Amino acid sequence: MRSPLNGRRAGRVAVVLALPLALSLSAMPVLADPAPQASEVAPDRQSSTEQNGVALLRVIVPDQEAVDRLNTMGVDLAEYKRSVDEGLEVHAVLSPEEAQELRVLGFDVRGAISDQTDVAENRAARQEALTKAAEAAADTDTLTPLRAEWFTSLDGEYFLAVEVKSSATDAQTVLTATWDSGKNTAPDSGGTTTMSRFTDAGQYMYHRFNSPLALTAVPTKVTVTSNRGGSVTVPVTKWLGERRKAPSKHYVADFVDRYMDPTELTGRITALAAEFPKISQIVDLPNKTNGYRRAAQAQFGTVAASTLYVSSKAYGHEGGNDISVALVRPDAASAALSVSVSGKDVVVNLGTDGSGAINSTAVQVVTALNGDAAASALLTAATYRGNAGAGLVAAAAATKLTDNLKAPATVSRDPFQMKALRIGKKRDGSKTGVFLYCQEHAREWVTPLVCLETAERLLRNYARDAETKKLVDDLDIFILPTSNPDGGHYSMYDYNMQRRNMFNHCDVNNGDPARRNSWGVDLNRNFSVGSVFDGYSGASTVCTSDTFAGPAELSEPEARNQVWLTTRFPNIKFAMNTHSYGGYFMWPPGAYKAAGRELLPRVDYGTENFFWKASDHILSAVQSWRGTAIWPGRTGPVPDVLYSAAGNSADEHWFNRGIIGWDFEVGADVYNPETKRFQAVGFQPPFEEGHEEAMEFAAGQIGILEVARSFSGDKKQPKSELSVTGQTGTSATFTFKTDEPANVYYTLDGSRPTLGSTKLAAAGMRESAQQITIDKTTEIRWFAVDIAGNVENNYKPDGNGKNYRKEKVKVGDAR
Ligand SMILES: [Zn+2]
């Protein structure tokens, strides 16, 4: 039972304020007047600023007649009534004296739903919001443009996506975007729209379009204005590079013709390794899964108190499915409850009373079964979902237990040997490794096809296509088509919306057969960085939740296999975790603590820019198949564009091993030119659509391999420039620019810059480089280092050389 205080929420407090507080005493004749004169009592229900203990209290009454009586007495009842064990619960606005009078009259007046403390808290919160709004209104807000881009999609339509951040973070700030319709057109000729305010975990993020807007012409500039007075005009750039050319005419593709179960997928990569032994091999992952298997079960009864269920000790296929249980009413009066077992047939002889009627309750039958040595060797009995089981059971004919599993015999019921396909000419750990893994979530049926298609393309084009040969020669590629084989089988044959693995961590209170589709661990929440066990948001500790993180970090063999692979092969520098659906391209960090939206550390500015540049290459590859553009608003760090996912695998790989852990959500929304709306595709679209998604994201995975290859061969040193962006008489502002994604380390005190010096940061989420302000003439010393570790001018940050960059920025008279 919840305490009344737990139920105190703002919505109910509003009821207090909305109802008239004045109570006419004449309307309450039955209430004894505690004071000699009515005028001395009335103030006890004063205006809402002086409530003198008036509170919204729970009153428990036996029946409707008592409610009517309260009503007739003129008691101030809230518009609320519900059945409880003792009768009806109503809520009344009462002063302490009125409450006492009702108690004297025999009413059961209980704790407060809300009282003055809540009112005070609400007032304070409201005042704080008003003050903030007034402060915001007093100042013109500053608008920071984050992104303004156009792109084409599918059938060649044009779309516009804009993101702008206001310095006024309150909900009254309204931003409007206006754009032209091409060069030399009026600034508002393209259109105008109100932007959406994007918040997450209660915090203002920025304003954006909910989905990209269809355009008739490509705009050159967009102007965003705020009702707070802010305004900014920015050029509209093209999102994603030119469409890539089709690969050479020798290039072969399209190797998937149906959705495939994990047994088929694993068989297919095993056959590929056998066919291409010189450039590939199978890597057996060390932890077998629990397997596509379940205990066999049967349930007896239809009413909770009279219901019990049994679960076999052996898995269904290992004998559990052969067990039967019968609940027999003996043909005798005053019979004692007993259990008899013959082979795998369990008979419960129910107890009867003097008239021969059954008098065994569910809990008595459970106790008898669990207490019988022969029966308890075969099975475990339990009442229904923790019920006390005091109801009498009904007789039932012999019932076979079943594991309910529907997959054909081609799917083994044994623990599953997970296999990764390793592709590379030189597989000795000397080449940059890339780990492509799919189907962590069982129901995302397109994703294993993406991994399989990528593997086929690499192997079958090796001898035909020069670009493919470079990838296979220069990289060490690990492909795991199904990261959740047991759940994958279950999704295909038993419950198509299964997301998690199959393992049942629930106790008997959630172990009944009707719960069988609610068991399992969300593998992408079972990892050890930023997990729910560390206090991060976006996973559950409830065993029946679809985001159940498991009983502990890395409790599941499937998750431990990923950790093993990325540890055993430390040359792995990139990983791609492919999910569906929605059309996203994301990177770490992937989780935050809800309180204060405290993120796992963001990647540094140079790495973030590397991710954005890589996304242009990778997403252009996705687009090359049928024109699908992943939206800029669905590209970026996980929590900026989707939500917090505590304990996900990409964070595990990045924070524990420095592996760039990207995520795809395949299945971008498809634009319908007739309705002018984007439509979501779902987890299991018709195969015709699923096939297209597999083709385009296999191209995306190959784009990732190209990024990895150019990273591995990157010997080019970055170049940087210091750029002074503002000067007043008393200060100067500057920043740095680099010719490729790189980090800049700098000093302002004339010391030699090292990797311990201040690192140039972004000005904010999705913003460009920060501006650094100085108040006296300063010699800035710095160097740039790219993601592959190349240092500008071959400077040695930990050496003694002076070949760092330096420049004097002047302030005041010195200019
Ligand atoms: Zn998923």
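This is a predicted model, so every value here is computed, not measured.

### Description of helix H3 (residues 64-72)
Of the positions making up H3, those classed as buried are Ala66, Val67 and Leu70. Mapping the buried residues of H3 onto a view down its axis gives an arc of 105 degrees, with all of them on the same face. Residues of H3 that are exposed and angled more than 90 degrees away from the buried face: Glu65, Asn71 and Thr72. Of the surrounding secondary structure, the elements contacted by the buried residues of H3 are strand E1 (55-61), strand E2 (76-84), strand E3 (87-94) and helix H4 (96-104). A positive backbone phi angle near 85 degrees is found at glycine 74, which sits one or two residues after H3.

### So, the pattern of salt bridges
Any two side chains of opposite charge can pair, so long as their charged atoms come close to each other. Enumeration over the complete set of coordinates arrives at 36 salt bridges. Here glutamate 721 and arginine 805 are joined by a salt bridge, their closest N and O atoms 3.9 Å apart. Taken as a pair, glutamate 721 in strand E34 (residues 720-727) and arginine 805 in strand E40 (residues 805-809) lie far apart in primary sequence, 84 residues in all. Taking the relative accessible area as the measure of exposure, glutamate 721 reaches 46% and is therefore partly exposed. Across the salt bridge formed by glutamate 792 and arginine 805, the nearest N and O atoms sit 3.0 Å from each other. Here arginine 805 lies in strand E40 and glutamate 792 lies in the loop between strand E39 (778-786) and E40, a separation of 13 residues in the sequence. Ionic contacts of the salt-bridge type, sharing partners, join the residues Arg268, Glu275, Glu456 and Arg460 into one network.

### Digging into the pairing of strand E23 (residues 419-423)
Of all five residues making up E23, five are buried, and the element is well covered by its neighbours. A two-sided burial pattern is seen for E23, the buried positions comprising Lys419, Leu421 and Ile423 on one face and Ala420 and Arg422 on the other. Note: strand E15 (residues 280-284) against E23, five bridges, orientation antiparallel. Across the sheet, the residue bridging to valine 283 is alanine 420, located in E23. Direction of pairing for E23 relative to strand E25 (residues 475-480): antiparallel, over a ladder of three bridges. Looking across to E25, one finds that arginine 422 is bridged to phenylalanine 478.

### Examining the coordination of the zinc ion
Around the zinc ion, the donor atoms from the protein are His441 (ND1), Glu444 (OE), Glu444 (OE) and His579 (ND1), and they sit 2.0 to 2.5 Å away. Counting residues between consecutive donors of the zinc ion along the chain gives the motif H-x2-E-x134-H. Of the two residues, histidine 441 and glutamate 444, neither departs from the other in class, the shared state being buried.

### Section: helix H11 (residues 485-493)
With respect to burial, H11 is a largely interior element, seven of its nine residues being buried. In the core, the buried residues of H11 are packed alongside helix H6 (262-275) and helix H12 (557-568).

### Some remarks on unusual backbone geometry
Here serine 580 and tyrosine 581 are connected by a cis peptide whose omega angle stands at 10 degrees. You can see tyrosine 581 is positioned in strand E26 (residues 572-582). Here proline 588 and proline 589 are connected by a cis peptide whose omega angle stands at 0 degrees. Position of proline 589 relative to the elements: it lies in the loop between strand E27 (584-587) and strand E28 (592-593). Of note, the phi angle at asparagine 404 is positive, near 65 degrees, even though the residue is not glycine. Relative to the helices and strands, asparagine 404 is located in the loop between strand E22 (396-400) and E23. Phi angles above zero are rare outside glycine, and arginine 766 is one such case at about 60 degrees. On the secondary structure map, arginine 766 appears in the loop between strand E37 (758-759) and strand E38 (772-774).

### Some details on the state of the cysteines
Inspection of the entire model under this criterion finds two disulfides. Here cysteine 438 engages in a disulfide with cysteine 451; their sulfurs sit 2.2 Å apart. With the S-S bond torsion at 80 degrees, the cross-link from cysteine 438 to cysteine 451 turns out right-handed. In this pair, cysteine 438 sits in strand E24 (residues 432-438) while cysteine 451 sits in helix H9 (residues 446-461), placing the two residues 13 residues apart along the sequence. Of the residues examined, cysteine 451 reaches a relative accessible area of 0% and is grouped as buried. Each sulfur in the disulfide pair cysteine 506 and cysteine 543 lies 2.1 Å from the other. Its S-S torsion of approximately 110 degrees makes the covalent link between cysteine 506 and cysteine 543 right-handed. In this pair, cysteine 506 is assigned in the loop between H11 and H12 and cysteine 543 in the loop between H11 and H12, connecting sequence segments 37 residues apart. The exposure classification of cysteine 506 matches that of cysteine 543, with both residues buried. Look at the chain and number its bonded cysteines as they come in the sequence; the links are 1-2, 3-4.

Conventions used here
Residues numbered from 1 in each chain as written. Predicted model: local features only at pLDDT ≥ 70, side-chain atom pairs only at ≥ 80, totals over all residues. Heavy atoms only, no water. Buried < 20%, exposed > 50% of the residue type's maximum accessible area, 1.4 Å probe, protein only. Helix = DSSP H or I, 4+ residues; strand = E, 2+ residues; numbered from the N terminus. Arc of directions from axis to C-beta. Contact = heavy atoms within 4.5 Å. Salt bridge = Lys/Arg side-chain N within 4 Å of Asp/Glu carboxyl O. Pairing = 2+ DSSP bridges. Donors = N, O, S within 2.8 Å, 3.2 Å for Na, K, Ca; no water. Disulfide = S-S within 2.5 Å.

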